[in-house]
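Single-letter residue listing:
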Number of protein chains: 2
Amino acid sequence: MSNNMKFNTPTTTVLYSIEETVKAYRKLCQQNISKVVPNITVDQALILIVIDRNNMSQSEIADLVFKDYASMTRIVKLMIDKNYLSKALDDHDKRKTKLKITELGKAIIEKLNPMIELNRETALNALTDKELEQLHKILSKITQNCQIPKK
Amino acid sequence: MSNNMKFNTPTTTVLYSIEETVKAYRKLCQQNISKVVPNITVDQALILIVIDRNNMSQSEIADLVFKDYASMTRIVKLMIDKNYLSKALDDHDKRKTKLKITELGKAIIEKLNPMIELNRETALNALTDKELEQLHKILSKITQNCQIPKK
DNA sequence: AATTATTATTTGATATATCAAATAAATGCT
DNA sequence: AGCATTTATTTGATATATCAAATAATAATT
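Here is what the cut-offs are and how they apply
Residues numbered from 1 in each chain as written. Chains lettered and ligands numbered in written order. Predicted model: local features only at pLDDT ≥ 70, side-chain atom pairs only at ≥ 80, totals over all residues. Heavy atoms only, no water. Axes fitted to C-alpha atoms, helices over the stretch in contact; angles between N-to-C directions. Helix = DSSP H or I, 4+ residues; strand = E, 2+ residues; numbered from the N terminus. Left-handed = near helix turned anticlockwise from the far one by under 90°. Contact = heavy atoms within 4.5 Å. Nonpolar A, V, L, I, M, F, W, Y, C, P; charged D, E, K, R; others polar. Salt bridge = Lys/Arg side-chain N within 4 Å of Asp/Glu carboxyl O. Buried < 20%, exposed > 50% of the residue type's maximum accessible area, 1.4 Å probe, protein only. Least-squares fit on C-alpha atoms with pLDDT ≥ 70 in both. Near = heavy atom within 4 Å. Polar contact = N/O pair within 3.5 Å; in protein donor to acceptor, adjacent residues only side chain to side chain.

An unreviewed UniProt entry lists chain A under the name MarR family transcriptional regulator, with Ancylomarina salipaludis given as the organism.

Structure representation (structure tokens):
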């Protein structure tokens, strides 16, 4: 009821402040990543690392990083062009795509790792474990609330 | 130190879960907004309302909603094409743009308002005032941590 | 007043988001 | 086996994000 006392106008709504944070974090990440690997985007960097750590099909990876399949197709294409990735069909299911990190890709991941760690530490500086837990819990609730039942 | 125990891989970092929430909320908003006003995007809807409530120049509005000026230019252009907005030069400073809501725009805002309220309520369902405060506080900290000093 | 610097906005180029429709391969059904 | 359905990915169209460079108007400086 009075829940929204301070969150009443569009400019003071949750989305507003959450989105502000996301944008600030992405900007920080992009700037720092560019210092160690020019010509790679935050999304590409994340996807590269996720592919490296998970042996999954393209759309499973997409789900993991919350990318639309169409977006994923295009991001992957760009990374193949830059020779970070290569693509092959899954032997057992030729609809599926298997993505492999190239040597160049692996070298880039090595460069990225410490910077990603730094970015996280920078963003979470002075946050307590408790706060992180709270944040996670609250965000989960909101995410849950926003789920649209698919019929 | 052990701060990151559970937040160690890229897929479990803050950005990850914050971005998940943002995307879920945006999706909900878009679906609901489309029900009352087809052919408008979440961003356009937000900007329309913010323009209506604030008598500011284009870039001030952009700052308010965290849009890049270039993006703002294009969003505004689309909304002018759809006759939601009109544009005029500021009399005292001809570099500045004054945006005005058209009659059609005003009618659309009327349709949007209740849905925006509903979206917020849906997203924040079952969240306590305390949680909202915590969320706001934690997000502010992170946003602050991510600020890049501009020289 | 003329020149330079700053500010507001735009444009170009490229990356990503999203929806709908198209493909192609695999599965399920009869 | 043959056909309909589902699944994984792609393509097209449009919107937005971001950076750099361009414009145009104002402000500051010499």
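Asker: In this structure, what is going on with the packing of helix α6 (residues 129–146) of chain A against helix α6 (residues 129–146) of chain B? I would like to understand it.
Answerer: How two helices pack is summed up by the angle between their axes together with the distance between the axes. For the pair α6 of chain A and α6 of chain B, interaxial distance at closest approach is 10 Å and the crossing angle is 115°. Between α6 of chain A and α6 of chain B lies a crossing of left-handed hand. Where α6 of chain A approaches α6 of chain B, its residues E131, Q134, L135, I138, L139, K141 and I142 of chain A are matched on the opposing element by E131, Q134, L135, I138, L139, K141 and I142 of chain B. For the contact of α6 of chain A with α6 of chain B, the class distribution of residues is eight nonpolar, two polar and four charged.

Asker: Please clarify how the pattern of salt bridges should be interpreted in this entry.
Answerer: Think of it this way: side chains of opposite charge can pair up when their charged atoms draw near. The full count for this structure, using the stated rule, is 14 salt bridges over all chains. One salt bridge in this structure joins E19 of chain A and R26 of chain B, with 2.8 Å as the shortest N-O distance. Taken together, the positions of E19 of chain A in helix α1 (residues 14–36) and R26 of chain B in helix α1 (residues 14–36) put the pair across two chains. On the basis of relative accessible area, E19 of chain A is assigned to the buried category, the value being 12%. The shortest N-O distance in the salt bridge between R95 of chain B and D93 of chain B comes to 2.8 Å. The network of salt bridges with common partners includes E19 of chain A together with R26, D43 and K67 of chain B.

Asker: What am I meant to see in the side chain of T143 of chain A here?
Answerer: Structurally, T143 of chain A can be placed in helix α6. Ignoring sequence-local partners within four residues, the contact set of T143 of chain A consists of E20, T21 and A24 of chain B.

Asker: Is there a simple way to think about the relation of the copies chain B and chain A in this case?
Answerer: Applying a rotation about an axis and a shift along it to one chain copy brings it onto the other copy. Note on the identical chains: chain B maps onto chain A by a rotation of 180° and an axial translation of 0.0 Å, with an RMSD of 0.0 Å. Between the two chains, the operation in question is that of a two-fold axis. Closest to the rotation axis within chain B is the C-alpha of L135 of chain B, separated from it by 3.1 Å.

Asker: Sorry if this is basic, but what is going on with the protein's contact with DNA strand C here?
Answerer: Not every one of the 27 residues close to DNA strand C is listed here, only the nearest: T41 of chain A together with Q58, S59, R74 and K87 of chain B. Taken together, the sugar and phosphate atoms account for 65% of what DNA strand C places within 4 Å of the protein. A distance of 3.4 Å separates a sugar or linking oxygen of DNA strand C from a polar atom in the side chain of R95 of chain A. A distance of 2.7 Å is found between a phosphate oxygen of DNA strand C and a side-chain nitrogen or oxygen belonging to K77 of chain B. Going through the elements one at a time, α2 (42–53) and α4 (69–81) of chain A together with α1, α3 (58–64) and α4 (69–81) of chain B are the ones with two or more residues in the surface near DNA strand C.

Asker: Sorry, what's going on with the protein's contact with DNA strand D here?
Answerer: Lining the immediate environment of DNA strand D, one finds 27 residues, of which Q58, S59, R74 and K87 of chain A together with T41 of chain B sit closest. Of everything in DNA strand D that lies within 4 Å of the protein, sugar and phosphate atoms constitute 66%. Contacts to DNA strand D include Q44 of chain B, whose side-chain N or O atom sits 3.4 Å from a phosphate oxygen. The separation between a phosphate oxygen of DNA strand D and a polar side-chain atom of K67 of chain B is 2.7 Å. A breakdown of the residues in the surface near DNA strand D according to their chemical character gives five nonpolar, eight polar and 14 charged.

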